[in-house]
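# Results of the structural survey
The primary structure of each chain is shown beneath.
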Amino acid sequence: MSINIRLFASLREKIGKAEFNIEANKATTVKEVWTLISNDLPMQTNTLCAINMEYVDSDHKVTDGDEVAFFPPVTGG
Amino acid sequence: MIQIREKAFQPWDELQSYQDSLQINGKYGATAVFVGSMRDFNEGDDVQAMTLEHYPGMTEKHLDKIVQTARQQWELIDILIIHRVGDISPNDPIVLVAVWSAHRANAFDASRYIMEELKSKAPFWKKETLSNGVRWVEKNTSG
């Protein structure tokens, strides 16, 4: 299945990409997607994850066509 | 109304013109306004400039959720949120939150709620320029 990856802020800089597609097996979780894209960078405990622009836990299932985003704690305002 | 702005804005002008557009004269008794501006210091360092990044789409979606929740919790007449992204200089306004209601308690409480939720949920990230390089702000101050 095809997954669209979005990375923001310090995670975008660490991994060196902002947006790209990956192909993954079925029944993949957000955490497993991170392993596929992170160049062995461990996921920080404060990393935030979203699927289709909604916050999810890292064990949430990913389905075909999802947009999966990873980013550090938010600092707006 | 929720707006993400890439250019500097004048919060007091925005407030006046938005309020004029509402045609609610005589209906509101309270307007609570919060303006957040850029400091030239953070964590003991001088900060020369800042870049604010966001997640287009998700940011607006979550600001909208925050507004909808506030409207369910308090009796409000209107809400205005304007938030900057892009390159920002010290003293530039970053965020404007204004809440109109019939009585002050709802306006005070809802504006505080909206700001705290914005700071903890809306996907924005600050990157500071210091005299010796750049750094991402890792977390917001507690209050």
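Here's what I pulled together on the structure shown here.

Cut-off values and rules
- Residues numbered from 1 in each chain as written.
- Chains lettered and ligands numbered in written order.
- Predicted model: local features only at pLDDT ≥ 70, side-chain atom pairs only at ≥ 80, totals over all residues.
- Helix = DSSP H or I, 4+ residues; strand = E, 2+ residues; numbered from the N terminus.
- Expected span 1.5 Å × (residues − 1).
- Buried ≥ 20, exposed ≤ 12 C-beta atoms within 10 Å, placed from the backbone.
- Pairing = 2+ DSSP bridges.
- Axes fitted to C-alpha atoms, helices over the stretch in contact; angles between N-to-C directions.
- Contact = placed C-beta atoms within 7 Å.
- Nonpolar A, V, L, I, M, F, W, Y, C, P; charged D, E, K, R; others polar.
- Parallel < 35°, antiparallel > 145°, perpendicular 65-115°, else oblique.
- Left-handed = near helix turned anticlockwise from the far one by under 90°.

Turning our eyes to something else, we now look at helix H2 (residues 58-73) of chain B. For H2(B), with 16 residues, the first-to-last C-alpha span of 23 Å sits near the 22 Å given by 1.5 Å per residue. Inspection of H2(B) places Met58(B), Thr59(B), His62(B), Leu63(B), Ile66(B), Val67(B) and Ala70(B) among the buried residues, and these make up the whole buried set.

The phi angle at Asn39(A) is positive, at roughly 50 degrees, despite the residue not being glycine. Examined against the element boundaries, Asn39(A) turns out to sit in the loop between helix H2 (30-37) and strand E4 (48-51). Of the residues examined, Asn39(A) has 8 C-beta atoms within 10 Å and is grouped as exposed. A positive phi is found at Asn91(B), a non-glycine position, where the angle reads about 80 degrees. Looking at where Asn91(B) falls in the secondary structure, it is placed in the loop between strand E7 (86-88) and strand E8 (93-101). Residue Asn91(B) is classed as exposed on the basis of its 9 C-beta neighbours within 10 Å.

In this section: the sheet that holds strand E2 (residues 30-37) of chain B. All names here are of chain B. Here four strands make up an open sheet; going across it, the order is E1-E6-E8-E2 and the pairing mixed. In the strand order of this sheet, the two ends are held by strand E1 (2-5) and E2, each with one partner. Ignoring strand direction, the axes of neighbouring strands in this sheet form an average angle of 10 degrees. With respect to the sheet, H2 is in contact with E1 and strand E6 (78-84), its orientation differing from that of E1 by roughly 150 degrees.

What follows deals with the interface of chain A and chain B. When the parts come together, some accessible area is lost, and that loss is often what is quoted as the size of the interface. In this assembly, 13 residues from chain A lie in contact with 24 residues from chain B. For the side of chain A that touches chain B, the elements supplying multiple residues, two or more each, are helix H1 (9-15) and strand E7 (67-71) of chain A. Residue composition of the side of chain A that touches chain B, by class: nine nonpolar, four polar and no charged.

Two packed helices can be described by the angle between their axes and the distance between those axes. All names here are of chain B. Look at H2 against helix H3 (residues 104-121): their axes get within 10 Å of each other, and the N-to-C directions meet at 150 degrees. If you check the angle between H2 and H3, you find them roughly antiparallel. Seen along the crossing, H2 lies across H3 with a hand that is right-handed. Taken together, the residues of H3 that come into contact with H2 (itself represented by His62, Leu63, Ile66 and Ala70) are Ala110, Tyr113, Ile114, Glu117, Leu118 and Lys121. A class-by-class count of the residues in the contact of H2 with H3 yields seven nonpolar, one polar and two charged.

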